[in-house]
Amino acid sequence: MLEAMKDSYVGLFKINNIDFDNGYLEIEDVFNKRKFKIIDIALSSSTESNVYLYNRIITYNGLSFSSGINLFFQKDNKFIKDYIKSYNNYNINYIAETLKLLKIYKSSSLSHNINYL
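Cut-offs applied
- Residues numbered from 1 in each chain as written.
- Predicted model: local features only at pLDDT ≥ 70, side-chain atom pairs only at ≥ 80, totals over all residues.
- Heavy atoms only, no water.
- Buried < 20%, exposed > 50% of the residue type's maximum accessible area, 1.4 Å probe, protein only.
- Helix = DSSP H or I, 4+ residues; strand = E, 2+ residues; numbered from the N terminus.
- Pairing = 2+ DSSP bridges.

Novice: Would you mind going over the pairing of strand E4 (residues 51-60) with me for this structure?
Specialist: Strand residues, when the strand is regular, have side chains that alternate between the two faces of the sheet. By the criterion of burial, E4 is predominantly enclosed, with seven of the ten residues buried. With six bridges connecting them, strand E1 (residues 9-19) and E4 associate as antiparallel partners. Bridging across to E4, Gly 11 finds its partner in Asn 55. With four bridges connecting them, E4 and strand E6 (residues 71-74) associate as antiparallel partners. From the neighbouring strand, Tyr 54 faces E6, where its bridge partner is Leu 71. When E4 meets strand E5 (residues 63-66), the two strands line up antiparallel, connected through four bridges. Bridge assignment links Tyr 60 to a residue of E5, and that residue is Leu 63.

See below:
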């Protein structure tokens, strides 16, 4: 499990599909198009598809799941749109990127409208 955590993947994802009945989300990295099918019963039942999700994905024994960061952004949020437009992947520092997105998240009205577990 520690190896899986070390090899985890951090990204800003769009939600392509939600399988409410089976607790899955199909997500895709906004920047490099990498796709995941994650199992998360709570997230799949409380998420709308018109949002971006910033999270860390851990894959263990062929099953992918979110790590629980769960920062949500409405797709029409001006700040997240500007972030996506100005994003560059050179020498990425995930801690700095997480802090940038956390600042956007805290200023977003969406963060007050979704019930997080």
